[in-house]
Every structure is written in C-alpha cells, then in structure tokens.
Amino acid sequence: MAKNEPLTWQPTTVSVPSVYQADPSIRLSMEQIMADPDWIGRAPQDAFWSFDNQTLYFQRKRQGSELRDWFAQPVNTSGNGQLVPLADLHTMGTTDRVYNADRTAHAYVFEGNIFVRTNKGELLQVTRSQARHSHPQYLADGRLAFRQGWDFLVYDFNSGQLSELVSLKTEDAPKAPAVHSGYLAKEQHKLIEYVALQQRNQSEQYHYRRQLQSENASLTAAPIYVGKGQQIVDASLSPKADYLIMAVRKHQPRNDKDIMPNYITASGDIAAQPVRARVNDFKPEPQRLLLVDLTSGSQHQLSYSSLPGYNEDVLADVKAENAKARGERYKSEKVIRDIGLMTDWYWSQSAMRWHSTGNQVAIMLKAFDNKDRWIATVDFDKKALVPQHRLHDKAWVNYAFNDYGWLNNSETLYYLSEESGYAHLYTKALNSRRANKLTQGTFEVANPVLTHDDKFIYYKANVSHPGNYEVYRLALATGKTEQLTQLGGATDFVLSPDEQQLLLTFSTNMMPEDLFVAPASPQATVQRITDTVSDEFKALPLVAPQIVAIPSSHGEHPVFSKVYFPADYQQGEPRRAVVFNHGAGYLQNSDLGWSGYFREFLFHNLLVQQGYVVLDMDFRASKGYGRDWRTAIYRQMGTPEVQDLVDGVNWMVQHANVDRKRIGTYGGSYGGFMTFMALFNEPDLFQAGAALRPVSDWAYYNHPYTSNILNTPDIDPIAYERSSPIYFTQGLTKPLLINAPMVDDNVFFQDVVRLVQRLIEQEIVHFETAIYPVEPHGFRQPSSWLDEYRRIYKLFEQHL
C-alpha cells in the first residue's frame, strides 16, 4: 500500500469541556451508573427530513420500555418533537426514499407496502397486502418497479396497472414430458395405447402453455429459473427493464453442528438455540454472476477471468510458512479464487449499481480470501465483465469504506479506496485508464453523498484530528474542498431533499447525541433542535477525558488515548490506575464524540473521584487511523495491541504519577481477549485484570470477522495459535476475573468453558468466573450490569 499522504494533524492533547452546570457535591454511585440508561436521556435516533424540507422526523425510546416512538419537529424551531400518531406513520416517508428522473415525486416503503408522494404533497398507496414489498426504483420510462421476494413488479402511473415483470425461481426449469429411458417404460409406452395417449396429451399441453405465454401479451413472462438447490444472493434490475443481474450460489444449509443452551426460559425447559458456524467449520460458496436478458429470457454467466489477479495464489507465502512448520514444502500454483459480491458492514446499498440511464452497470466484487476488491462494469454485447478498479491488500480489504456509485450526468464512477493508506475519494471515467484522486491527507473519508446535479460530494472526515469528525463538501468541477462544520466532536449528517440544509447528529465526550440543523454551506450558523439530555445527567460533576497522543515504541504513529485525570493527580504518592480495552478491535473510542461505552465512561469517572487515573487506548487495530494501523494485527492478534498497552503503562508512570505496581486492566469482547493476552504474555504489566465475554480461541469465532485477520484455520493454523489466549494460559500469575454471559450468540460461552478447563488442568487457581444466565453478548438487564461492575470494582480495590 502507498504511504504518501500529507500529514493533516499534529500529536497534540485535546479535550472537550462539559457545557453543563454541574453540582460538584454529587458523588457517583454504581447503582446509578448501571441503571436503565433512560435516566441519562432518550436521544433521538434514525432522524431524517420530511419531503418538503420543513420537518424533522426521529425516533425516541419510550421511558422504561423497549418500544420506540416517532416524533416530528419543525426545522425552524427547537424542541424534542411532537408524537406522530400511529395512524399517520405511513405519511412520514423514510430516509432512503427514491426519486423519479425530474425529482417531482418519490417512492418509499412503510411496513412492507409501497407509497409514492409528489412534491405537491399528494400521497398514493401503491400496494396494500400482507406480502412484503421492497427495493422501489423508478424505471427510465417513468414506471415504478419494486420487489416482492424475488418477483419484480411494475406499477404504471398512467394506467394504474400493477404487473409482474419477472419472477426468479430457485428451481429447475420445467421440461417437456418425455418417455422414461428404462426398458419397462419404453415397452409400456409401446404396448399400452392409454399410456401413449397420456404422454401425447401432456406434451401438447406443455407446448401449448409455452406458446400461449409467448404470444399473449396479457400474460406474464416465463419465470427465470436458476436451478434447484441454488440460493439467490442479490438481484438488480436495469432502469430500462431490459436486463437483470443476479448473484447465485449453492444453498447453504443452516448450521446444525452447534447449539446454545438457554437455561432460563418461560416454559422452564432448556431451549437449544441454533447459532452461527465457527470459522473452522464455515465453507463459503463461490457465487455465479448471471446476466439475464429480459427480452429473450436468456441467461449468461459472467466469467471472473477478466479480473486482474483472479487466479493468483495470494496466500502462497502463508501456505509456505505453515507447510515449513509441518516439515513440508509448498509449491505455489495458479488457483481459482472464490469470488462474489462485496459486503460492507456499514452500507445499505447493493453491490450492483446501475447508471440512471440504464446503459451501464457497475458491480463491486470481493475475493473470499479477503485480499482483493474489484469494481467492474459489463459489456452487454460480449456478455463479459470489464475491470475498472482493483484494490489489493496483502492483509485484508476493509469491510468499511466501500461506498461507490455513478455520477448522474456522465459515465463516471466515484468510490472510496484505502489504496493510499487512508480512505479517500476517487472518480474514474469509463473511457479513462486512470482514476482521479479527489482528497488527500492522513484522515478517513466516510459517507459520501452526491448531489443530483453532480456539483458536490458531501462527506464526513477526521481531517484536523483523528478524533474530530466534521462535515465537508467537495466541488467536483474544481476539486475544491470546503469545511462546513466546526463543532469539535462527532458529527454525522443527512442532506435535505432540496440539498440546501444539513441535519446534524452531534455529540462530544461530555454531551450525548442531539439534533442540529445548518445550511449546507461554509461558515453557516448551526441551530440546535433537540435537547434530550436529562437534568440529572447534566448535574453530574464529570471529568472530561484528555485525548493524548502517547508516543509508540513500535512506529512513528502515536497511540491516541483517552486519559482521565483526578484534579490533584500530580500531588502525593503515585496513583492507582486502570487501563480499559475497548471491544470490536476495529472501533474508535479515543475520539471526541459520545461513546457507546457510556457506562464505562461513568465508571471511569467514579474511579477518578476515588483517585484513580484511567487510560483508554485506541491501540493498533482501532478504527480511524488508516490502513496500516488497522492491519497491524494481521496474523498476530494480541501482539501489537499489548505492545501498545506497555507503552501506555510506561507513559502513565512517567507523566501521570502512576505507581507501576498498582495498575489493573479490563475490557469486554475484544477487550476481554486483550485482557487475557496481556495477563498471559506480559505478567508483570498489570496486577489484576477482568475479561468480560472474552474470546479465548479464534478458531471458534465467526468467519466474516476472523478470516479477514487470521485467514482460516485450515490454511493458517500458525496465525490462530499465535493469536489465541488458550495457548498462553500458563503465563497467568495475577488475579483474573472472567465474566461470561451464557446466551451469547456472538462470543460463545464455550470460549470461557474451554479456557477455564485449561486453567484447571494447569493447576492455576488465581482466577474467578462469574456467569450471567440470561444475558447475550450485550447485557440487557441493569442487575447484570451492576453485578458485573461491582465485581470489577472489587477486583481493583482488593489488588491495586
């Protein structure tokens, strides 16, 4: 990967102060922190614009309930919205509405039915049925197409007629009746006149039905059959309704090898819940890409052989290393790589994108070995893929930053790519051999939104500091970039339908998310709309964490980290400290926005009130810092991250008046895995640790996540054994608390069971295990949260 981006930030310490008038006499309590979070405030969610740009719609959680209600708030006033009656919910529209060519009307889905609204406010309900409809799209001739399962339906606004355009069937195509080939069948047909007559009648009926369907325009076209035992992954219809592209694969039966016992059920019985396959067992099926000519009904498989690198042995070095470890020798050879549609964990768009004219289609593909991503178009005459862009990564192609599409008024693609080392915007005209890089710098571009006139692309990025996300726009004609917000925190946006205003969801470390509105232009005044934070939260005397760039002993890039300091931390004897390890691995927590770890944020403030220093590091593997930071853990999970923890501990000892012998650590999920690796492999680093819902053996985790980083166990067992805590348990010498939910369908309870048995067999006794019988991966019950954090707090109080 190239490393030529100009530096756009400096490793300075930043902090966002609270905007509230706090009461310094309040002391935080564990009971308050771990209570149902409604007490903090019920923040707006899923906000979007009304069709006329005058109203904001958003959801808020009901007090004390899992239900969420919709609210409406006029743009020109501040407030927390008026409840939208259930009878009116279908009139709101949605954030993913689709427009017709002249943008005078749009279509959307509500509760599985299709609605159309004109700019004059007229509302038309196109469907009203129990069947679920989805994926509305306007065709080039003005009709509206949408899906019912894998049936594509079309509504004609002039006639009011709803008709079936094409139906996709995962069955074998019917065949004309034929005489069975066996001897007895042939003799029966020859000797028994009745049998011959029945055969002739069936054959005539078959050919009559085919002729009738072909010649009578009142009937639907014959279905498209993809074969028995096949599964449709996705299908996309041309705006001209002349072609359809679909990806199919062999049907993958549900995993029946593993179950998850649920011991606390309403019936009193033990329920065996099905769960996902482990990476060790999962076998991805390659996808076939089919081009269907809807005029003739013919199907053509699009070969992947035109994609550069489609048959490269990209894992040759890995295979050779593992073969050598077995005392064997690996000879590299050409391979046929398994390829299919790209999946991005953060997008809702299809991997197949038609130009609005219907003359071109682009398809984003990936190799299942996770080393390549391609964008290709289709030559309809040659029935072939035409490669437009290849993104190759020796580690793995990111499952984020894959947004792409067409400019509206030219046959030019725009897309995000990490090829420079950071996620940036590019355009590429189909008649050009080279792409045009639109943004540059040591920052990540996300969520690009193109205006309908191709004038601007709006996006969010962390240009000035890795933890500060603002909204920008880029003028496609000139390449000029303009910063539109300067709020200092985490800012997401939704562009208004008229593309003149921004709906902003903004937060800081100290302020939960609320809604704001601003003109979609530079230096615009930002207006606050909602204020949903409770007075109880506003009164808390919370300490704002400082975002510190801790120097790394393993590279030039510092480790950005949140540090919570007591007011008098430099005075008196060296302090106790706690290091928190965030989950997911690929997640950013040392940014300036409100964290999903709000309970931990409050717990850290409780620790600060009692004199602790708390450190929360965006160790290598974290999101927001570019490709090299993300992929540092390739084939060695738990090594770079723990090295960063060592640097963090050394920094606290040198700069935060921390006692090296009084430091503990904890974290959940990936953070629990890191707690294991730190205590097992750096036994003198921490005096105690708590691992919550932890991974102990990556071969037992899921395929989509793990195979990116460690390949698969059959190909790369070295990486799994190097990265899994269960192989290093003999290094445990300090107190360890293991907290495990029992109905966790993400990290299985089995992970803890196996590791505990390993510790028992090794006669290691300084660990404790707490189980949570009703909890999934993310706890739901306040009583479980409270019990878990009381145990963590007790661990630190006893051993630090």
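Before reading further, recall that the structure is shown in the block above.
Here is a short report on the structure shown in this document. (Residues numbered from 1 in each chain as written. Predicted model: local features only at pLDDT ≥ 70, side-chain atom pairs only at ≥ 80, totals over all residues. Heavy atoms only, no water.)

## Let's talk about the overall build of the chain
Here is step 1 of the chain: When its secondary structure is counted, the chain shows 13 helices and 44 strands.
Here is step 2 of the chain: What you see for the chain is a C-alpha radius of gyration of 29 Å, in line with the 28 Å of a compact globule of 800 residues.
Here is step 3 of the chain: Its C-alpha atoms put the chain at 105 × 70 × 60 Å along the principal axes.
Here is step 4 of the chain: In the chain, which comprises 800 residues, the proportion classed as buried is 54%.
Here is step 5 of the chain: Considering only intrachain contacts with a sequence separation of at least 6, the fraction spanning at least 24 residues in the chain is 60%.
Here is step 6 of the chain: Of the accessible surface of the chain, which amounts to about 35900 Å², a share of 48% is contributed by carbon and sulfur atoms. (Helix = DSSP H or I, 4+ residues; strand = E, 2+ residues; numbered from the N terminus. Rg over C-alpha atoms; globule rule 2.2 N^0.38 Å. Buried < 20%, exposed > 50% of the residue type's maximum accessible area, 1.4 Å probe, protein only. Contact = heavy atoms within 4.5 Å. Areas by Shrake-Rupley, 256 points an atom, 1.4 Å probe, with all protein chains shown as cover.)

## A word on empty space enclosed by the protein
Here is step 1 of the chain: Under the criterion given, the structure shown has four cavities of 30 Å³ or more.
Here is step 2 of the chain: As for the largest cavity, its lining consists of Trp 396, Tyr 399, Gly 585, Tyr 586, Ala 621, Arg 630, Ile 633, Tyr 705 and Ile 709. (1 Å grid on protein atoms, 1.4 Å probe; cavity = no way out; pocket = protein on both sides within 12 Å on 5 of 7 lines; lining within 4 Å. Points joined across faces, edges and corners; volume = space filled by probe spheres on them.)

## Side note on the pairing of strand β29 (residues 445–450)
Here is step 1 of the chain: Of the pairings in the sheet, the one linking β29 to strand β30 (residues 456–461) comprises four bridges and is antiparallel in character. Each residue of the ladder has a partner; that of Val 445, found in β30, is Ala 461.
Here is step 2 of the chain: With antiparallel pairing between neighbouring strands as the criterion, β29 and β30 make up a hairpin whose turn holds five residues, including Asp 454 at a positive phi of roughly 65°. (Pairing = 2+ DSSP bridges.)

## Re the pattern of salt bridges
Here is step 1 of the chain: Counted by the stated rule, this structure contains 35 salt bridges.
Here is step 2 of the chain: Arg 575 is paired through a salt bridge with Asp 568; the nearest N and O atoms lie 3.0 Å apart.
Here is step 3 of the chain: Given a relative accessible area of 12%, Arg 575 falls into the buried group.
Here is step 4 of the chain: We note a salt bridge from Glu 573 to Arg 662, for which the minimum N-O separation is 3.7 Å. Here the residue Glu 573 occupies a position in the loop between β38 (559–564) and β39 (575–581), and Arg 662 occupies one in strand β41 (residues 658–668), the gap between them amounting to 89 residues.
Here is step 5 of the chain: Classification of Arg 662 by relative accessible area gives partly exposed; the value is 24%.
Here is step 6 of the chain: It is possible to trace a salt-bridge network through shared partners that takes in Glu 312, Arg 337, Asp 369, Asp 372 and Arg 390. (Salt bridge = Lys/Arg side-chain N within 4 Å of Asp/Glu carboxyl O.)

## Overview of the nonpolar core
Here is step 1 of the chain: Within the largest apolar cluster, 89 residues are counted, with the highest numbers of intra-cluster contacts made by Met 637, Met 652, Tyr 670, Phe 686, Trp 698, Leu 736 and Ile 738.
Here is step 2 of the chain: If you tally residues by element for this core, the top one is helix α9 (residues 670–681), at eight residues.
Here is step 3 of the chain: Once residues within four sequence positions are removed from consideration, Tyr 670 is found in contact with His 582, Gly 583, Ala 584, Gly 585, Phe 619, Ala 621, Ile 633, Met 637, Glu 641, Trp 698 and Tyr 705.
Here is step 4 of the chain: Phe 456, Phe 516, Val 578 and Phe 603 belong to the second largest nonpolar core, which has 56 residues in total. (Core = buried A, V, L, I, M, F, W, Y, C linked by side-chain atoms within 4.5 Å.)

## Overview of the packing of helix α8 (residues 640–655) against α9
Here is step 1 of the chain: Relative to each other, α8 and α9 sit at 70°, their axes nearing to 10 Å. Taken together, α8 and α9 sit at an angle that is classed as roughly perpendicular. Contact residues: Glu 641, Val 642 and Leu 645 in α8; Tyr 670, Phe 673, Met 674, Met 677 and Ala 678 in α9.
Here is step 2 of the chain: The residue makeup of the contact of α8 with α9, split by class, is seven nonpolar, no polar and one charged. (Axes fitted to C-alpha atoms, helices over the stretch in contact; angles between N-to-C directions. Parallel < 35°, antiparallel > 145°, perpendicular 65-115°, else oblique. Nonpolar A, V, L, I, M, F, W, Y, C, P; charged D, E, K, R; others polar.)

## Let's talk about helix α4 (residues 316–325)
Here is step 1 of the chain: Those residues of α4 that fall on the buried side of the exposure criterion are Ala 316, Val 318, Asn 322 and Ala 323. Down the axis, α4 shows its buried residues gathered within 160° of arc, on one side only. Of the residues in α4, the exposed ones pointing more than 90 degrees away from the buried face are Asp 317, Lys 324 and Ala 325.
Here is step 2 of the chain: Looking at the buried positions of α4, the neighbouring elements they touch are α11 (717–723).
Here is step 3 of the chain: Positive phi shows up at Gly 327, right after α4, with a value of about 80°. (Arc of directions from axis to C-beta.)

## A closer look at the sheet that holds strand β7 (residues 113–118)
Here is step 1 of the chain: Taken in spatial order, the four strands of this open sheet run β5-β6-β7-β8, and their pairing is antiparallel. In the strand order of this sheet, the two ends are held by β5 (98–99) and β8 (123–125), each with one partner.

## Regarding the layout of surface pockets
Here is step 1 of the chain: For the second largest pocket, the calculated volume is near 680 Å³.
Here is step 2 of the chain: Along its surface, the second largest pocket is lined by 25 residues, and Gln 213, Ala 221, Ala 222, Pro 223 and Gly 297 are the ones closest to its centre.
Here is step 3 of the chain: Looking at the lining of the second largest pocket, the elements with two or more residues in it are β12 (162–169), α3 (193–215) and β13 (224–225).
Here is step 4 of the chain: For the lining of the second largest pocket, the per-class residue count stands at 14 nonpolar, seven polar and four charged.

## A short note on the packing of aromatic side chains
Here is step 1 of the chain: Enumeration over the complete set of coordinates arrives at 44 aromatic pairs.
Here is step 2 of the chain: Seen in terms of ring centroids, Trp 594 and Phe 601 are 5.5 Å apart; in terms of plane orientation they differ by 75°. Their pairing is edge-to-face.
Here is step 3 of the chain: With a relative accessible area of 18%, Trp 594 lands in the buried category.
Here is step 4 of the chain: Through successive ring pairs, a cluster of aromatic residues spans Trp 345, Tyr 399, Tyr 586, Phe 619, Tyr 670, Phe 673, Trp 698, Tyr 701 and Tyr 705.
Here is step 5 of the chain: Between Arg 103 and the ring centre of Tyr 99, over which it is positioned, the NZ or CZ distance is 4.2 Å.
Here is step 6 of the chain: Here the guanidinium or amino end of Lys 623 rests over the ring plane of Phe 401, the centre of that ring lying 5.9 Å away. (Phe/Tyr/Trp six-rings, centres within 6.5 Å; stacked < 30°, edge-to-face > 60°. Lys NZ or Arg CZ within 6 Å of the ring centre and 35° of its normal.)

## Describing the environment of Phe 767
Here is step 1 of the chain: Of note, Phe 767 is situated in strand β44 (residues 767–772).
Here is step 2 of the chain: Residues Phe 767 and Pro 85, spaced 682 residues apart in sequence, show a C-alpha to C-alpha distance of 54 Å.
Here is step 3 of the chain: Other than its neighbours up to four places away in sequence, Phe 767 contacts Leu 732, Leu 736, Ile 738, Val 756, Leu 759 and Ile 760.

## A few points about a nonpolar patch on the surface
Here is step 1 of the chain: Together, Tyr 263, Ile 264, Ile 270 and Val 774 give the surface a local cluster of nonpolar side chains, amounting to about 400 Å² of exposed area.
Here is step 2 of the chain: Mapped onto the elements of the fold, Ile 264 is located in the loop between β16 (259–262) and β17 (271–274). (Patch = residues over 30% accessible without salt bridge, like charges linked within 9 Å, V, L, I, M, F, W, Y side chains within 5 Å.)

## Points about the packing of helix α6 (residues 598–609) against helix α13 (residues 782–799)
Here is step 1 of the chain: Relative to each other, α6 and α13 sit at 35°, their axes nearing to 12 Å. Between α6 and α13 lies a crossing of right-handed hand. Taken together, the residues of α13 that come into contact with α6 (itself represented by Arg 599, Glu 600, Phe 603, Leu 606 and Leu 607) are Trp 785, Tyr 789, Ile 792 and Tyr 793.
Here is step 2 of the chain: For the contact of α6 with α13, the per-class residue count stands at seven nonpolar, no polar and two charged. (Left-handed = near helix turned anticlockwise from the far one by under 90°.)

## A look at the pairing of strand β37 (residues 546–550)
Here is step 1 of the chain: Most of β37 sits out of view: four of its five residues are buried.
Here is step 2 of the chain: Taken together, the five bridges between β37 and β38 define a ladder with antiparallel strand orientation. Bridging from a neighbouring strand, Ile 550 pairs with Val 559 of β38.

## Observations regarding α6
Here is step 1 of the chain: Taking 1.5 Å per residue as the helical rise, α6 with its twelve residues ought to reach 16 Å, and the 17 Å between its terminal C-alpha atoms agrees with that figure.
Here is step 2 of the chain: A large share of α6 lies buried, amounting to eleven of its twelve residues.
Here is step 3 of the chain: Looking one or two places after α6, you find Gly 611, whose phi comes out positive at around 95°. (Expected span 1.5 Å × (residues − 1).)

## Focus on unusual backbone geometry
Here is step 1 of the chain: One non-glycine residue, Asp 46, adopts positive backbone phi at about 55°.
Here is step 2 of the chain: Relative to the elements of secondary structure, Asp 46 occurs in strand β1 (residues 45–49).
Here is step 3 of the chain: A relative accessible area of 53% places Asp 46 in the exposed class.
Here is step 4 of the chain: Positive phi, normally seen in glycine, also occurs at Ser 669, with a value near 65°.
Here is step 5 of the chain: Mapped onto the elements of the fold, Ser 669 is located in the loop between β41 and α9.
Here is step 6 of the chain: Taking the relative accessible area as the measure of exposure, Ser 669 reaches 14% and is therefore buried.

## A few points about the sheet that holds strand β4 (residues 82–83)
Here is step 1 of the chain: On the basis of which strands lie adjacent, the open sheet formed by four strands has the order β1-β2-β3-β4 and antiparallel pairing. Every other strand in the sheet has two partners, leaving β1 and β4 as the edge strands with one partner each.
Here is step 2 of the chain: Sheet topology note: the β1/strand β2 (residues 55–61) ladder contains three bridges and is antiparallel. From the neighbouring strand, Gln 45 faces β2, where its bridge partner is Gln 59.

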